[in-house]
Amino acid sequence: MSSLLIGAVALFFLGMGLFGLVAPGALTRPFGIELTGPEARAEVRAVYGGFGVAVGALLAWTVLGAAGGLRSGVVLTVAVSLAGMAFGRLVARAVERPSAFCPSWFYFWVEATGAALLISCA
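The text that follows walks through the structure, step by step, so that each part is easy to find. Everything numeric in this text was worked out from a predicted model, so none of it was measured. The residue numbering used here restarts from 1 in each chain and proceeds along that chain's sequence as written. Under the rules for a predicted model, residues below a pLDDT of 70 receive no local features and side-chain atom pairs below 80 are neither given nor counted, while totals for whole chains, interfaces and linings still include all residues. By convention in this description, side-chain values take in all heavy atoms of the structure and omit both hydrogens and water.

1. Quick word on the packing of helix 1 (residues 2-22) against helix 3 (residues 38-63)
The condition is simple: Only the stretch in contact is used when fitting a helix axis, every axis being a line fitted to C-alpha atoms; angles between N-to-C directions are given from 0 to 180 degrees. Where helices and strands are cited, they refer to DSSP runs of H or I of at least four residues and of E of at least two residues respectively, numbered from the N terminus. With respect to orientation, any angle under 35 degrees is reported as roughly parallel, any angle over 145 as roughly antiparallel, any angle of 65 to 115 as roughly perpendicular, and every other angle as oblique. Rotating anticlockwise by less than a right angle from the far helix to the near helix defines a left-handed crossing, while the corresponding clockwise rotation defines a right-handed one. We call Asp, Glu, Lys and Arg charged. Ala, Val, Leu, Ile, Met, Phe, Trp, Tyr, Cys and Pro are nonpolar, and the rest, Gly among them, are polar.
Running from amino to carboxyl end, helix 1 crosses helix 3 at an angle of 155 degrees, the nearest separation of the two axes being 7 Å. In terms of orientation, helix 1 and helix 3 fall into the roughly antiparallel class. Every pair of crossing elements has a handedness; the one defined by helix 1 and helix 3 is left-handed. Its residues assigned to classes, the contact of helix 1 with helix 3 shows 16 nonpolar, nine polar and one charged.

See below:
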């Protein structure tokens, strides 16, 4: 069961990462962020695209059993990263008060749920 949960989070990261590589402007548009130049698109491709693909691949590596004794550490590291992202959204909520559920609260719940799932598998 834990491999299935880790695999689901891996697919989320891989999907987000590939989307960030292919369509960086579409990825940031729901947040009201306009990417006006190649440097901005390169940044989104790196942070959302490349990082997402790398984390998804790392989690997939653990599901395939190739991580050996590193599985718990990998899973816990990604879980803490997701929890940190969710925490950042809570801080934003306290400071900025986003007006709509989407995208801020939607991604808060995605990140918090992903963190909880991975912690249960670590």
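2. Examining the side chain of T28
Selection rule: The criterion used for residue contact is that any of the two residues' heavy atoms lie within 4.5 Å.
Position of T28 relative to the elements: it lies in helix 2 (residues 24-28). For T28, the contacting residues outside a window of four places in its chain are I33, L35 and V44.

3. As for the environment of T28
Basically, it comes down to this: The classification of residues rests on relative accessible area computed with a 1.4 Å probe and restricted to protein chains. Under 20% of the type maximum is buried, over 50% is exposed, and intermediate values are partly exposed. Here a polar contact is recorded for every N or O atom pair within 3.5 Å, except that within protein the pair must consist of a potential hydrogen donor and a potential acceptor, and residues adjacent in sequence are included only if both atoms are side-chain atoms.
What makes T28 buried here is its relative accessible area of 4%. Spatially, the C-alpha atom of T28 lies 34 Å from that of G65, the residues being 37 residues apart in sequence. For T28, the side chain forms a polar contact with the main-chain oxygen of G25, separated by 3.4 Å.

4. Looking at the packing of helix 3 against helix 4 (residues 71-96)
Interaxial distance between helix 3 and helix 4 falls to 10 Å at its minimum, and their mutual angle equals 145 degrees. In this structure, helix 3 crosses over helix 4, and the sense of that crossing is left-handed. Every residue of helix 4 that contacts helix 3 at V55, L58, L59, T62 and V63 is listed here: R71, V74, V75 and V78.

5. Quick word on the packing of aromatic side chains
What counts, and what does not: Here a Phe, Tyr or Trp ring, Trp counted by its six-membered ring, pairs with any other such ring whose centre lies within 6.5 Å, and the pair is stacked when the planes are under 30 degrees apart, edge-to-face when over 60, and tilted otherwise.
With the rule as written, the count across this model stands at five aromatic pairs. Pairing W105 with F108 gives two aromatic rings, centres 5.2 Å apart and planes at 85 degrees, and the pair type is edge-to-face. With W105 and F108 both in helix 5 (residues 101-121) and three residues apart, the pair spans about one turn of that helix. By relative accessible area, which is 10% here, F108 ends up buried. The interplanar angle of 80 degrees and the centroid separation of 5.1 Å between the aromatic rings of F106 and Y107 together place this pair among those described as edge-to-face. Residue classification places Y107 among the partly exposed positions, given a relative accessible area of 25%. Through pairs of rings, three or more aromatic residues link up here, namely F31, F106 and Y107.

6. Focus: helix 5
To keep things clear, this is the line we draw: By this rule the span expected of a helix is its residue count minus one, scaled by 1.5 Å. Taking the helix axis as origin, the arc is that swept by the directions to the C-beta atoms.
Taking 1.5 Å of rise per residue, 21 residues should cover 30 Å, and helix 5 covers 28 Å from first to last C-alpha, within 8% of that figure. Burial in helix 5 covers these residues: P103, F108, E111, G114, A115, L118 and C121. Down the axis, helix 5 shows its buried residues gathered within 165 degrees of arc, on one side only.

7. Section: the pattern of salt bridges
Stated precisely, the cut-off is as follows: Here a salt bridge means any side-chain nitrogen of Lys or Arg lying within 4 Å of a carboxyl oxygen belonging to Asp or Glu.
In total, this model carries one salt bridge according to the counting rule given. For E111, the salt bridge identified is with R89, shortest N-O distance 2.8 Å. Taken together, the positions of E111 in helix 5 and R89 in helix 4 put the pair 22 residues apart, joining distant regions of the chain. Judged by relative accessible area, R89 falls into the partly exposed class, the value being 23%.

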